[in-house]
Each structure stands twice: as C-alpha cells, then as structure tokens.
Amino acid sequence: SEVSAAAQPVQVEIEHMSWVEVRDRLNSGATTILIPTGGTEQNGPHMALGKHNFIVKETARRIAFQLGDALVAPVLGYVPEGPSGLKVGHMAYPGTLSLPDDVFEKVLENTALSFKTHGFKRIVFVGDSGGNQSAQGRLAARLSKEWKSEGVAVLNASAYYADNGGDDFLKGQGLSSAEIGTHAGVRDTSELMFVAPQAVDLSKAGADADGASGDARLAKAEWGKALIERKVAAAVAEIRSGKGAAAAPEARGLLSWLLSFVTG
C-alpha cells in the first residue's frame, strides 16, 4: 500500500543529505541501508539506456519509506552486462557499459563495508537487472557470515527481481508471454512510462526487434504503477522477514552472459 506524503521522511537518499543528517538518522534508528543497482544497457530503440537506474531509484525510495528505518545509497549504474571487449548480448549495442562480475562484486563489497563502518546494521542489495543477481547473492551470503558476530546482516532482495508477480499481473490483463517479452518489452516499458515517461518514445517501439523482446507498443503507465508496487511489496516483505536470498555461487562464462541478455 502507498505511504502518505505526510508519513514520509523529508529525505531518504543519502546523496541529498549532509553527513550530519545521516548521522542523526542513524542515531534515531535508521540502521538499514539500501544499495540499489541498475545498469546502463540497450533497451531497444524506444527507451533510454538508464532504464534500470531510473526504476530502481524510485523503487528504493518507496521501499525505504515503507520500511521506515532505512536510507538509500546512490544507484550503482555500472554493472555486469557481458564481456566488455566483445560485441555480444547487450554489448552488441552502442552505449551499453559493462563491468566484470568480480569488479562489480568488489565495488559492492567496499560500499557495504563503508556503511558497516558508519554503523548500519542491515545492508540490502536491490538489483533491478538480471545480470546483477548472481554477484549480489554470493556477496550477501559471504558478508553475512563474516559480519554476523558484529550484528550486521547483508541481504540480497532477490524477490524484488525474480518473484514479484509482475508477469502474472500482465497475463491477468490478457497478455501472452510472447507479448510481454523478456527484455525492453511490456513490463520494462510500462514501469519506465510510470517512473520517467520522458525516457520512453513508443513511436519507436516494435515487436521483437532491435534489442527488444515482446511488444512494447502495448505498454501502459497504469500497468507500470501496478508493477512497481509489486516489486516494492516483494522487497519489503523479504527484507522484513530477514530472508533476503543469498544465491549459491554461479559460473559466469560466456554462455551465462548470453543468457542474461534475455532477462533484462
């Protein structure tokens, strides 16, 4: 459910806060930090490269408002998108930026360590892209084990991405799996139309072409609102349960990169 404007803190995004404000929020009990990860990747000819960044910036804010004890780190927009030296998958399209999994994981680790140093006790990775999930799951599992004795928990909010009910919702609107698509299709486009309509140009959309899967021409901002709410609800429930999934280590060879191309 939506949180009323009156109930929302003035600010939850630390990049808009001073260190004094962050300290005071910590001291008042806001000891959860959300680390949102997006991506800079091709999203067909009809959507901006920063789709994931725009979406996860908004969802992370909403998650923080609903949790009530959380702040939000700046969005990490440099993530694994495929071998950066090969024109395969998303990297076949100009503008896509990629980091190797180990580099991405190291950036996240030091980001988490920074927040642990400052006194945050619950650190949550919120990834809006499929290629982010493996490294986040591995890292959450390792850091939770290493930092448990210090009372710090690290979670990967995997339900936000993989178990939010979005496709079931769209099928309930009468769409087929083929129409929904798997990347830059109805789901992604609808979410971005709700969050940042200026970043979508449906006149340039087509079905299953130019890097997109599905038929984005069917997208609706009202569906985007419902999809965003489902992602937020899934993350909030998982974080509150303390069961943020820590995925088992997974090989990330060329085949894995190519598979991630069709999962957004």
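Residues numbered from 1 in each chain as written. Predicted model: local features only at pLDDT ≥ 70, side-chain atom pairs only at ≥ 80, totals over all residues. Heavy atoms only, no water.

Q: Teacher, can you tell me more about the overall build of the chain here?
A: When helices and strands are counted, the chain shows 10 helices and 4 strands. Ordered by position from the N terminus, the helices and strands of the chain form the series α-β-α-β-α-β-α-β-α-α-α-α-α-α. Expressed as a percentage of its 264 residues, the buried residues of the chain come to 52%. Sequence-distant contacts in the chain: of pairs separated by 6 or more residues, those separated by 24 or more amount to 78%. Summed over all atoms, the accessible surface of the chain reaches about 11,600 Å², with 56% contributed by carbon and sulfur. (Helix = DSSP H or I, 4+ residues; strand = E, 2+ residues; numbered from the N terminus. Buried < 20%, exposed > 50% of the residue type's maximum accessible area, 1.4 Å probe, protein only. Contact = heavy atoms within 4.5 Å. Areas by Shrake-Rupley, 256 points an atom, 1.4 Å probe, with all protein chains shown as cover.)

Q: Looking at this model, I keep getting lost on the sheet that holds strand 1 (residues 32-37). Mind explaining?
A: Sheet strands pair via backbone hydrogen bonds, and the direction of the pair is either parallel or antiparallel. Judged by pairing direction, the sheet is parallel, and its 4 strands sit side by side in the order 2-1-3-4 without closing on themselves. The open sheet has two edge strands with one neighbour each: strand 2 (70-72) and strand 4 (153-156). The average angle at which neighbouring strand axes cross in this sheet is 20°, direction not considered. Where strand 1 and strand 3 (residues 122-127) come together, 6 bridges link them in parallel fashion. Considered in strand 3, the bridge of Pro36 is made with Val126. (Pairing = 2+ DSSP bridges. Axes fitted to C-alpha atoms, helices over the stretch in contact; angles between N-to-C directions.)

Q: Explain the layout of surface pockets here, please?
A: With a probe scaled to a water molecule rolled over the atoms, the places where space remains empty come into view. The calculated volume of the largest pocket comes to roughly 340 Å³. Lining the largest pocket are 21 residues; nearest its centre among them are Tyr161, Ala162, Asn164, Asp167 and Arg187. Of all elements in the fold, only helix 2 (51-67), helix 5 (158-162), helix 6 (166-172) and helix 8 (186-195) reach the threshold of two or more residues within the lining of the largest pocket. When the residues that make up the lining of the largest pocket are grouped by side-chain class, the tally is 4 nonpolar, 8 polar and 9 charged. (1 Å grid on protein atoms, 1.4 Å probe; cavity = no way out; pocket = protein on both sides within 12 Å on 5 of 7 lines; lining within 4 Å. Points joined across faces, edges and corners; volume = space filled by probe spheres on them. Nonpolar A, V, L, I, M, F, W, Y, C, P; charged D, E, K, R; others polar.)

Q: Sorry if this is basic, but what is going on with the pattern of salt bridges here?
A: Pairing between side chains becomes possible if they bear opposite charge and their charged atoms approach one another. Counted under the stated rule, the structure contains 22 salt bridges. Ionic pairing is found between Arg142 and Glu146, a salt bridge with its closest N-O pair at 3.3 Å. A residue pair is termed a helical-turn pair when its members lie 3 or 4 positions apart in one helix, as Arg142 and Glu146 do in helix 4 (residues 133-147) at 4 residues. Among the residues examined, Arg142 registers a relative accessible area of 32% and is labelled partly exposed. Since its relative accessible area comes to 42%, Glu146 is described here as partly exposed. Here Arg217 and Asp215 are joined by a salt bridge, their closest N and O atoms 2.8 Å apart. With relative accessibility at 49%, the residue Arg217 sits in the partly exposed group. Put simply, Glu13, Glu15, Lys57, Glu58, Arg61 and Arg62 are held in one network by salt bridges that share partners. (Salt bridge = Lys/Arg side-chain N within 4 Å of Asp/Glu carboxyl O.)

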